[in-house]
There are 2 protein chains.
Amino acid sequence: MSELAVVGGGVIGLSVAWRAAGRGHSVTVYDPTPGRGASWLAGGMLAPVTEAWPGEEDVLSLGEESLRRWPAFARELAEEGFDPGLSEKGTLVVGLDRADVEHLEILAGYLTSLGREVEVLTGREARRLEPGVGGSVRSGLSVPGDLAVDNRKLLVSLRKAAEQRGVQFVTETIVDVESVDADVVVIAAGAWSGRLHPALAGGVRPLKGEILRLRPRRGCLPPPERTVRAVVEGRPIYLVPRADGELVLGATQYEAGFDETVAARGVRELLEGAERVFPSIAEYELVEMAAGLRAASVDNLPFIGDLGDGVLAATGHHRNGLLLAPVTADAIVALLAGSELPPHAEAAHPRRLPSLKSTERV
Amino acid sequence: MSELAVVGGGVIGLSVAWRAAGRGHSVTVYDPTPGRGASWLAGGMLAPVTEAWPGEEDVLSLGEESLRRWPAFARELAEEGFDPGLSEKGTLVVGLDRADVEHLEILAGYLTSLGREVEVLTGREARRLEPGVGGSVRSGLSVPGDLAVDNRKLLVSLRKAAEQRGVQFVTETIVDVESVDADVVVIAAGAWSGRLHPALAGGVRPLKGEILRLRPRRGCLPPPERTVRAVVEGRPIYLVPRADGELVLGATQYEAGFDETVAARGVRELLEGAERVFPSIAEYELVEMAAGLRAASVDNLPFIGDLGDGVLAATGHHRNGLLLAPVTADAIVALLAGSELPPHAEAAHPRRLPSLKSTERV
């Protein structure tokens, strides 16, 4: 079995390491702060459809494939003693204006065509489901099958499970994959992946996002039971409840290079939007604010596969790192075993990277 | 010289301790976290007039008296090696609507009658003075004589200067003044003072406020040079620049008992208001959010004076603790020397406390 180096200890790197170690590889993860980065700041929704953008069929089908793998993935972790906190409470998407009503109906039709259970709701029905939903909510869509995971619990679980399988951790920053001594190197460095390999330099860019964590103060209405999503003034927001009572409110999305500072506007916009959807959040304690960098690609698909010279890509997961962790880890493990990329992951092949494309032409 | 115990190490307690030690008293300050509390979270404006509410003449004249003492107070600290960071850049009060225009004219008349230099400005003139002021600002009032102090620098300076004068610090929470071994006890415990003495229990209550600290990100317009104040949708806000480039944005004001958690609404309201007044703050980094408790009294005047049995009050300073520190410390030192309360501090005598009033009647 090969010596495997994984550069990046976010949800993708840890999942790859854990799975690869389970197949007998000798794995080392390189990350100055494993278990942190964008994965630490995520909401944890595992909801490919309500996350998908129109026309992103490849993103959607990869997400659906990964969603199917999530329960077994979580169970396997739990069986090893590290429960990742999978929630099956579903999602409530709410609409605030007339355009939203139409959008939710289209989404409902689409979900139904995929065989998913959905229910279109009036504003009143949405409030019956989640009493904290505000009076300005006019429509709703209940998606009971949607999953969510406690991203922080997951990261801690993955790291411990990986260590239990013998994965080594080196808390160093890798700036050049050539310097890593291994048979195969997997680049799973999120937004920083472009700095590690010339082919990824033009393919992965940082996409900044602010995210907040809140907690009900005494006398406040409790958080919603389900994930609640909405688009407020063109900006998508989500509220994801955690089992410990915390409520994650995310996320802004804009280009700002590698800037990871929390901008005032981001915080204001998130709070303003959330108050429209779930008014009592105004009285919640704001316990944490942070900004992270998603690894975005032009087509919103990740890069999973061979970059040549013993280097594999597992990056560019955009807003979908947590969702796509199982399918990515499985694909990398298949490649390590000498198999081809599975058909459902074909669209994520790095051959669509501009630099690799031009090489093919030559 | 007497043994003096000061309960509370905020700006009032530290000022009293420093000054009393300078007169030869043997002083001990009791505070679990000296130099923190509400003083740590303040904006640091020393602006009695733009802070005064209509009809609060006693508050105003006490404030004016203290303001006159501030330059010497700061100089004395600086001469001992601990510069408190006094700024003389002045205040720009801005108005957003027609009612504000009128309000600023009344304020200008009042300030002129007090012999203070003021200038009434149009919105355009206000923007000439502070280029970051937003387009929705319609009027302004420049008050060049207003002072501001870097509250954190001041607290550190006062503590060091007090230590240099031999003041002892005991980092314990006092719950009963009876337990303190001293000739005289000064209660300077801010919002918690009511828990230390029955007479103060009905006189001092906590008044919560959120306050934020921001810093320009790369490419942002720099902070204003002056303190900028406004009332946005009935809520007063201030932006106070610090010499190190930080901008303090405060403050909300509401009753919430002893709750010191940062509420989402407070953060949202401050950011929203600040964006109206100084739009580029939206791109600033939000580096700190906090909530503190002012020690409010019914008439907004502090309690400075004798509570009987060797206990003196120096509390209830509401939003004016930093401003009133010199005048309070001087009054307490006068009392310790056997003098009467100075005439300008008479209105702050604790004899107006309900419980002491009824005692007098008996």
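The coordinates are above.
What you see is a predicted model; the values in this text were computed from it and never measured.

**A closer look at the packing of aromatic side chains**
Reasoning step 1: All chains considered together, the criterion is met by 8 aromatic pairs over all chains.
Reasoning step 2: A ring pair is formed by W18 of chain A and F73 of chain A, whose centres lie 5.3 Å apart and whose planes are at 90°; its orientation type is edge-to-face. On the criterion of sequence distance, the pair formed by W18 of chain A in helix α1 (residues 11-22) and F73 of chain A in helix α3 (residues 57-79) is long-range, its members being 55 residues apart.
Reasoning step 3: By relative accessible area, which is 0% here, W18 of chain A ends up buried.
Reasoning step 4: Each ring, one from W192 of chain A and one from F258 of chain A, has its centre 5.9 Å from the other, and the planes form 40°; the classification is tilted. Of this pair, W192 of chain A sits in the loop between β10 (184-187) and α7 (198-201) while F258 of chain A sits in the loop between β14 (247-250) and α8 (264-277), and the two are 66 residues apart along the sequence.
Reasoning step 5: These aromatic residues form a ring-pair network of at least three members: W18, W70 and F73 of chain A.
Reasoning step 6: Sitting over the ring of W40 of chain B, R36 of chain B keeps its end group 3.9 Å from the ring centre.
Reasoning step 7: R159 of chain B extends its terminal NZ or CZ atom over the ring of F169 of chain B, reaching a point 4.6 Å from the ring centre.

**Regarding helix α5 (residues 98-113) of chain B**
Residue and element names in this part refer to chain B.
Reasoning step 1: Its 16 residues place the ends of α5 23 Å apart at the C-alpha level, agreeing with the 22 Å of an ideal helix rising 1.5 Å per residue.
Reasoning step 2: Taken together, the buried positions of α5 are D100, L104, L107, A108 and L111. The buried residues of α5 occupy an angular sector of 105° when the element is viewed end-on, so they sit on one face. When the buried face of α5 is taken as reference, the exposed residues oriented beyond 90 degrees from it are R98, A99, E102, I106 and S113.
Reasoning step 3: Sitting at the head of α5, D97 places a side-chain oxygen 3.3 Å from the backbone nitrogen of A99.

**A few points about the relation of the copies chain B and chain A**
Reasoning step 1: In the superposition of chain B on chain A (RMSD 0.0 Å, axial shift 0.0 Å), the rotation amounts to 180°. The superposition of one copy onto the other is thereby described by a two-fold rotation axis. Identified as the residue of chain B closest to the rotation axis by C-alpha distance is R268 of chain B, at 2.7 Å.

**Quick word on the packing of α8 of chain A against helix α9 (residues 264-277) of chain B**
Reasoning step 1: Taken N-terminus to C-terminus, the directions of α8 of chain A and α9 of chain B make an angle of 120°; their axes are 9 Å apart at the nearest point. Here α9 of chain B runs oblique to α8 of chain A, going by the angle between their axes. When the axes of α8 of chain A and α9 of chain B are compared, the crossing they make is left-handed. From α8 of chain A, A264, R265, V267, R268, L271, E272 and E275 of chain A reach across to α9 of chain B, where they touch A264, R265, V267, R268, L271, E272 and E275 of chain B.
Reasoning step 2: Considering only residue class, the contact of α8 of chain A with α9 of chain B consists of 6 nonpolar, no polar and 8 charged.

What counts and how
Residues numbered from 1 in each chain as written. Chains lettered and ligands numbered in written order. Predicted model: local features only at pLDDT ≥ 70, side-chain atom pairs only at ≥ 80, totals over all residues. Heavy atoms only, no water. Phe/Tyr/Trp six-rings, centres within 6.5 Å; stacked < 30°, edge-to-face > 60°. Helix = DSSP H or I, 4+ residues; strand = E, 2+ residues; numbered from the N terminus. Buried < 20%, exposed > 50% of the residue type's maximum accessible area, 1.4 Å probe, protein only. Lys NZ or Arg CZ within 6 Å of the ring centre and 35° of its normal. Expected span 1.5 Å × (residues − 1). Arc of directions from axis to C-beta. Polar contact = N/O pair within 3.5 Å; in protein donor to acceptor, adjacent residues only side chain to side chain. Least-squares fit on C-alpha atoms with pLDDT ≥ 70 in both. Axes fitted to C-alpha atoms, helices over the stretch in contact; angles between N-to-C directions. Parallel < 35°, antiparallel > 145°, perpendicular 65-115°, else oblique. Left-handed = near helix turned anticlockwise from the far one by under 90°. Contact = heavy atoms within 4.5 Å. Nonpolar A, V, L, I, M, F, W, Y, C, P; charged D, E, K, R; others polar.

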